[in-house]
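Commentary on secondary and tertiary structure
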Amino acid sequence: MPAPEKKPAPLEFEAPLLALSGQIETLEKQLADNPNPDLDEDVRRLKEQYNHLRQTLYTNLRPLDHLAIARHPQRPYSRDYFGRWDPNWIELHGDRKGADDPAMVGGLMQLDGMDIMVVGTQKGRALRDKQQCNFGMPQPEGYRKALRLFRHADKFGFPIVTLIDTPGAYPGMTAEEHNQSEAIALNLREMAGLTVPVISVITGEGGSGGALAIGVANRILMLEHSVYSVISPEGCASILWRSADKVSQACQAMKMTAREIKALKVCDEVIGEPLGGAHHNFDLAADNLKKALARHLKDLVKLSKEEVRQDRYNKFRQIGVVA
Amino acid sequence: MDLKDWFASRQKRRDTLVVKQPLTTEEYCALWTSCFQCRELIYTRDLRANNHVCPKCQFHFRIGANQRIEQLLDTDSFVEIDRALTSADPLEFKDTDTYVNRLAEAKRKSGLNEAIICGTGTIDGQKLALAVMEFGHFGGSMGSVVGEKVTRTVELALEEKLPVVIISSSGGARMQEGILSLMQMAKTSSALQELHKQGLLYISILTEPTFGGVTASFAMLGDIIIAEPGARIGFAGQRVIEQTIRQKLPADFQTAEYLMKHGQVDLVVERGKLRDMLAKLLTSHSPNKNQTKHPVENQKTASSRR
Ligand SMILES: [Zn+2]
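Residues numbered from 1 in each chain as written. Chains lettered and ligands numbered in written order. Predicted model: local features only at pLDDT ≥ 70, side-chain atom pairs only at ≥ 80, totals over all residues. Heavy atoms only, no water.

It is worth spelling out the overall build of chain B at this point. Helix and strand content of chain B: 12 helices and 9 strands. Per-residue burial for chain B yields a buried fraction of 55% across its 306 residues. Residue pairs at least 24 apart in sequence account for 67% of intrachain contacts in chain B once pairs closer than 6 positions are excluded. By element, 51% of the accessible surface of chain B is carried by carbon and sulfur atoms, the whole surface being about 13,800 Å². (Helix = DSSP H or I, 4+ residues; strand = E, 2+ residues; numbered from the N terminus. Buried < 20%, exposed > 50% of the residue type's maximum accessible area, 1.4 Å probe, protein only. Contact = heavy atoms within 4.5 Å. Areas by Shrake-Rupley, 256 points an atom, 1.4 Å probe, with all protein chains shown as cover.)

Right, let's talk about the coordination of the zinc ion for a bit. All names here are of chain B. Ligation of the zinc ion by protein atoms is provided by Cys35 (SG), Cys38 (SG), Cys54 (SG) and Cys57 (SG), these donors lying 2.2 to 2.4 Å from the ion. The site at the zinc ion holds 4 donor atoms, and with the angles between them running 107 to 113 degrees, its shape is tetrahedral. Read in sequence order, the donor residues for the zinc ion give the motif C-x2-C-x15-C-x2-C. Of this pair, cysteine 35 sits in the loop between strand E1 (32–34) and strand E2 (41–43) while cysteine 54 sits in the loop between helix H3 (44–49) and helix H4 (65–72), and the two are 19 residues apart along the sequence. Comparing cysteine 35 with cysteine 54 shows no difference in burial state: the two are buried. (Donors = N, O, S within 2.8 Å, 3.2 Å for Na, K, Ca; no water. Tetrahedral: all angles 85-135°; square planar, octahedral: opposite > 155°, others 65-115°.)

Applying the stated criterion to the full structure yields 10 aromatic pairs over all chains. Aromatic pair B:Tyr99 and B:Phe138: ring centres 5.7 Å apart, planes at 75 degrees, arrangement edge-to-face. Note that B:Tyr99 is positioned in helix H5 (residues 99–110) and B:Phe138 in the loop between strand E5 (126–133) and helix H6 (144–160), a separation of 39 residues in sequence. With respect to burial, B:Tyr99 and B:Phe138 carry one shared label: buried. Geometrically, the ring pair formed by B:Phe253 and B:Tyr258 is edge-to-face, given 5.3 Å between the ring centres and 70 degrees between the ring planes. Each residue in the set A:Tyr81, A:Phe82, A:Trp85 and A:Trp89 is aromatic and connected to the rest through ring pairs, giving one cluster. Over the face of the ring belonging to B:Phe138 we find B:Arg174, whose NZ or CZ atom lies 4.3 Å from the ring centre. (Phe/Tyr/Trp six-rings, centres within 6.5 Å; stacked < 30°, edge-to-face > 60°. Lys NZ or Arg CZ within 6 Å of the ring centre and 35° of its normal.)

Residues and elements named next belong to chain B. Spanning 12 residues, H5 covers 16 Å between terminal C-alpha atoms, matching the ideal 16 Å at 1.5 Å per step. Within the span of H5, buried status applies to Tyr99, Leu103 and Ala106. Angular distribution of buried residues about the axis of H5 spans 60 degrees; they occupy a single face of the element. Turned more than 90 degrees from where H5 packs its buried face, Arg108 and Lys109 sit exposed. Positive backbone phi, at 70 degrees, marks glycine 111, one or two positions downstream of H5. (Expected span 1.5 Å × (residues − 1). Arc of directions from axis to C-beta.)

Residue and element names in this part refer to chain B. Domain parsing of chain B yields domain 1 (21–61) and domain 2 (62–290). On a C-alpha basis, the centres of domain 1 and domain 2 stand 26 Å from each other. Contact with domain 1, which involves 6 residues of that partner, is made by 9 residues of domain 2. Here domain 1 packs against domain 2, burying approximately 640 Å² in sum over the two surfaces, 46% of which is carbon and sulfur. In this assembly, domain 1 and domain 2 are joined by 0 salt bridges. Here domain 1 is connected to domain 2 by 7 residue pairs in polar contact (both at pLDDT 80 or more). (Domains from an automatic or database assignment. Buried area = accessible area lost by both parts, 1.4 Å probe. Salt bridge = Lys/Arg side-chain N within 4 Å of Asp/Glu carboxyl O. Polar contact = N/O pair within 3.5 Å; in protein donor to acceptor, adjacent residues only side chain to side chain.)

Another point: the environment of A:Gly277. Residue and element names in this part refer to chain A. With respect to the secondary-structure elements, glycine 277 resides in the loop between strand E8 (269–271) and helix H13 (282–300). Residues glycine 277 and lysine 123, 154 residues apart in the sequence, show an inter-C-alpha distance of 17 Å. Apart from the residues lying within four places of it in its own chain, the contact partners of glycine 277 are Ile69 and His225.

All right, on to the pairing of strand E4 (residues 160–166) of chain A then. Residues and elements named next belong to chain A. Burial analysis of E4 places 7 of its 7 residues in the buried class, the great majority of the element. By the alternation rule, side chains of E4 split into Ile160, Thr162, Ile164 and Thr166 and Val161, Leu163 and Asp165, which are all buried. For strand E3 (residues 114–121) and E4, the ladder comprises 4 bridges, and the chain directions are parallel. Bridged to valine 119 within E4 is threonine 162. Examined bridge by bridge, E4 and strand E5 (residues 198–207) share 6 bridges and lie parallel to one another. For isoleucine 160, the partnering residue across the bridge sits in E5 and is valine 198. (Pairing = 2+ DSSP bridges.)

Residue and element names in this part refer to chain A. As far as domains go, chain A holds domain 1 (13–60) and domain 2 (67–318). Taken over C-alpha atoms, the centre of domain 1 sits 38 Å from the centre of domain 2. Between domain 1 and domain 2, the contact holds 5 residues from the first and 6 residues from the second. Buried surface at the junction of domain 1 and domain 2, both sides included, amounts to about 470 Å², of which 66% is carbon and sulfur.

Moving on to the pattern of salt bridges. Scanning the entire structure with this criterion turns up 47 salt bridges over all chains. For A:Glu41, the salt bridge goes to A:Arg45, with nearest N and O atoms at 3.9 Å. Of the two residues, A:Glu41 and A:Arg45 are both situated in helix H2 (residues 37–59); the distance of 4 residues between them amounts to about one turn of the helix. For the salt bridge of A:Asp299 with A:Lys302, the shortest nitrogen-to-oxygen distance reads 3.7 Å. The exposure class of A:Asp299 is partly exposed, given its relative accessible area of 42%. Members of the salt-bridge network, linked through shared partners, are A:Arg317, B:Asp82, B:Glu148, B:Arg152, B:Glu155 and B:Lys187.

Another point: unusual backbone geometry. Trans is the common state for peptide bonds, and a negative phi is the common state for residues other than glycine. For the bond running from B:Glu208 to B:Pro209, omega is -20 degrees, close enough to zero to count as cis. Note that B:Pro209 resides in strand E7 (residues 202–210). The backbone phi angle of A:Phe135 is positive, close to 55 degrees, even though this residue is not glycine. Along the chain, the position of A:Phe135 falls in the loop between helix H5 (127–132) and helix H6 (140–156). The phi angle at B:Gln58 is positive, at roughly 70 degrees, despite the residue not being glycine.

Across the contact, 49 residues belong to chain A and 61 residues belong to chain B. Counting each side, the surface lost to burial between chain A and chain B is near 4,800 Å², with a carbon and sulfur contribution of 68%. On the surface where chain A and chain B come into contact, there are 3 salt bridges. With a shortest N-O distance of 2.6 Å, B:Glu194 and A:Arg309 are connected by a salt bridge. Every element with two or more residues in the side of chain A that touches chain B is listed here: helix H7 (173–177), helix H8 (180–192), helix H9 (208–212), strand E7 (227–229), helix H10 (233–241), helix H11 (247–254) and helix H14 (305–317) of chain A. Residue contributions to the side of chain A that touches chain B peak at 10 residues, all from H8(A). Residue composition of the side of chain A that touches chain B, grouped by class: 29 nonpolar, 11 polar and 9 charged. (Nonpolar A, V, L, I, M, F, W, Y, C, P; charged D, E, K, R; others polar.)

This is the structure:
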């Protein structure tokens, strides 16, 4: 799937940047019409200021800003990464039980010379596409499709990479009737038993159990602006604050940004993004992530099957703080 | 989310109760309990004798973890583990109040350190590892401690080769511990993977209400899943689903009976019959099954040993 070659749509917190770049543009236009060497210097200084502002803006983001970048409609999705890592990857379809959930995609590919299985949530780009993918919220059938691919990987010894960018599992009537809970629960249990290395990457939103259902991994990586949380900040705000406009507070309180999740020892590595976010440069974002994955995979493939399983068990066994 | 639904419906119930109840003294209230479902006034002592099930309409009142243990296990057979384990505040979480204050309030209200009681005990002489959730403590939500205790219970069962019974009652993951709560789903399920591999029996019992991260982890992983009549069980709360699909849900949606109809639970068992059912299942799954000639007789002798 091609990347949107459109200019990235600015986010609310980027307004000061936008204003400055607007000024520069106007000045440059004026200068093009009647050149004035005195103003050249002004433009140069403005541009310097712009770059400085950009740098400081993106290094001092609030949790809410990270969330906005993580949810940016132009953010690269699983298919964008898969296609860049291996243009000839083989997509595998279906849960073998009656459905092929478009919100969960997966298949076989070569990543840096290694044959691996990739599985990821997919949000969809155009409106129709988005609707088909349920805005990245998998149905139980999606999780069962993922499980089928995990089992295939386990049988044939493919290391697994999962990409996670989902608001959560789809909360619908048929989803409940088809046992969304069991689909997630079974994935958690079966992933724990896999004898091949698993690396999960939060590429955008890691929304609750629907994210974890493909996230029981030996290594959990998070992109710089991605978030991972037990409930959506909107849900948290409406339950705990009883007010939908406390999303910013909920974001802050839940400690959901990549750096915070790493401090809580859930995330193993934060992967840098192109300045401003992955949507500014798909190729660079995909390449950064690929390098990190290859590095971790090379470590993990040294482990025996039993060691891989034990390594994963130990990772999750240690998570949590009790008194 | 589910917790919110629960609070809303509880409030509704309370409101109607206030209207329906005749003005009485506090003693009178303690003596009589009005059934949430059929409004029948029941003599509280009778209700207790009937396992807190309405004699008229079979409505199952919510009961505490200690009461359940008392109902199910052989007298004095329960040995609790990790009683003292209590929640920390790793996120220094604060909403309209601090997590620390909310924890203290939960402890005061429930008299427990956490939303689950774990240990070992016997049913008709058969030893098992048991974890019972307490909805009355922080809405039965799963944070680090609940996850840790469930995991330790399963690990204990692995060590001693015991069957596991977990009785769930929970609004889901505990938001105040953020991502750490979410990860307890993976931790508990990983322990159950080991149990599964070792071929040990796990019976999951779902009671009113079981939702969110608890349903989507250990609660739905039972080799056998039993639900209590009328219990509401699901992943997402009804309000969230209605907002998503913009459609009214059927009246019995997410009830034990509805789950049974959709193939999600093995059995719906009345509270009064649960102990016998567990005894039967434990016997039929015992490692020396099919080695004795008369398993039915064996079971009878076992139950007379009570
Ligand atoms: Zn009744």
